[in-house]
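Descriptive structure summary
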Amino acid sequence: QVQLVESGGGVVQPGGSLILSCASSSKWFAATAMGWYRRAPGKEREWVASVSRLGNTNYADSAKGRFTISRDNAAKGVYLQMSNLKSEDTALYFCNKYPATAGDNWGQGTQVTVSS
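Everything numeric here is computed off the predicted structure, so don't read it as measured data.

Parameters at a glance
- Residues numbered from 1 in each chain as written.
- Predicted model: local features only at pLDDT ≥ 70, side-chain atom pairs only at ≥ 80, totals over all residues.
- Heavy atoms only, no water.
- Salt bridge = Lys/Arg side-chain N within 4 Å of Asp/Glu carboxyl O.
- Helix = DSSP H or I, 4+ residues; strand = E, 2+ residues; numbered from the N terminus.
- Buried < 20%, exposed > 50% of the residue type's maximum accessible area, 1.4 Å probe, protein only.
- Core = buried A, V, L, I, M, F, W, Y, C linked by side-chain atoms within 4.5 Å.
- Contact = heavy atoms within 4.5 Å.
- Pairing = 2+ DSSP bridges.
- Phe/Tyr/Trp six-rings, centres within 6.5 Å; stacked < 30°, edge-to-face > 60°.
- 1 Å grid on protein atoms, 1.4 Å probe; cavity = no way out; pocket = protein on both sides within 12 Å on 5 of 7 lines; lining within 4 Å.
- Points joined across faces, edges and corners; volume = space filled by probe spheres on them.
- Nonpolar A, V, L, I, M, F, W, Y, C, P; charged D, E, K, R; others polar.

Section: the pattern of salt bridges
- Inspection of every chain in the model, using the stated rule, returns five salt bridges.
- Where Arg 38 meets Asp 89, a salt bridge forms, and the shortest distance between an N and an O atom there is 2.9 Å. With Arg 38 in strand β4 (residues 34–39) and Asp 89 in the loop between β8 (77–82) and β9 (91–97), this residue pair connects regions lying 51 residues apart in the sequence. Both residues of the pair, Arg 38 and Asp 89, count as buried.

Here's what the structure looks like:
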């Protein structure tokens, strides 16, 4: 079973920045599209950004222009650089393959709280 470990979350003021990291144990990591997802309080988990095995990226409208997803296949890592954070970005952030479903194995996530 693939293990996913997210890190880098924290409390940040509006307008601030954070970089999230995800480490995967998958031996197929380099061949797998990866994504970041988040679950805000009282809401369903939603897709935030994805990166193909070749490095092509896509973003949810809420993330465009503010978030940057990247990957390092050698390190089996995927990253989410977040800037100009807003209160509505407050959520538990997860990484997983893209696309992923509720039935897939998920990590514990990393909490991002945007608050003044």
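Re the nonpolar core
- Ranked by internal contacts, the top residues of the largest apolar core, which has 25 residues, are Trp 36, Leu 80, Met 82 and Tyr 93.
- Counting residues per element, the ones that place at least two in this core are β3 (18–24), β4, β5 (46–51), β7 (67–72), β8, β9 and β10 (110–114).
- Discounting chain neighbours no more than four positions away, the residues touching Met 82 are Gly 16, Ser 17, Leu 18, Leu 20, Arg 66, Phe 67, Tyr 93 and Val 112.

What to know about the pairing of β4
- Counting buried residues in β4 gives five out of six residues, a clear majority hidden from the surface.
- Taken together, the five bridges between β4 and β5 define a ladder with antiparallel strand orientation. Of the residues in β5, the one forming a bridge with Gly 35 is Ser 50.
- Once β4 ends, the chain turns through six residues before running back antiparallel as β5, passing Gly 42 with a positive phi of about 75°.
- Pairing between β4 and β9: six bridges, direction antiparallel.

Some remarks on the packing of aromatic side chains
- In the structure shown here, the tally under the stated rule is three aromatic pairs.
- Here the aromatic rings of Trp 47 and Tyr 98 are separated by 5.8 Å at their centres, their planes lie at 40°, and the arrangement is tilted. Of this pair, Trp 47 sits in strand β5 while Tyr 98 sits in the loop between β9 and β10, and the two are 51 residues apart along the sequence.
- Relative accessible area serves as the criterion here: at 27%, Trp 47 is assigned to the partly exposed category.

So, the layout of surface pockets
- Space inside the largest pocket adds up to approximately 180 Å³.
- As for the largest pocket, its lining consists of Val 2, Leu 4, Ser 24, Ser 26, Trp 28, Phe 29, Thr 32, Met 34, Asn 96, Lys 97, Asp 104 and Asn 105.
- Taken together, the residues of the lining of the largest pocket break down into five nonpolar, five polar and two charged.

Notes on the pairing of β7
- The alternating pattern of β7 places Phe 67, Ile 69 and Arg 71 on a buried face and Thr 68, Ser 70 and Asp 72 on a face that is not buried.
- In terms of strand pairing, β7 meets β8 through six bridges, oriented antiparallel. Among the inter-strand pairings, Ile 69 is bridged to a residue of β8, identified as Leu 80.
- Linking β7 to β8, which pair antiparallel, is a turn of four residues; within it Lys 76 sits at a positive phi near 55°.

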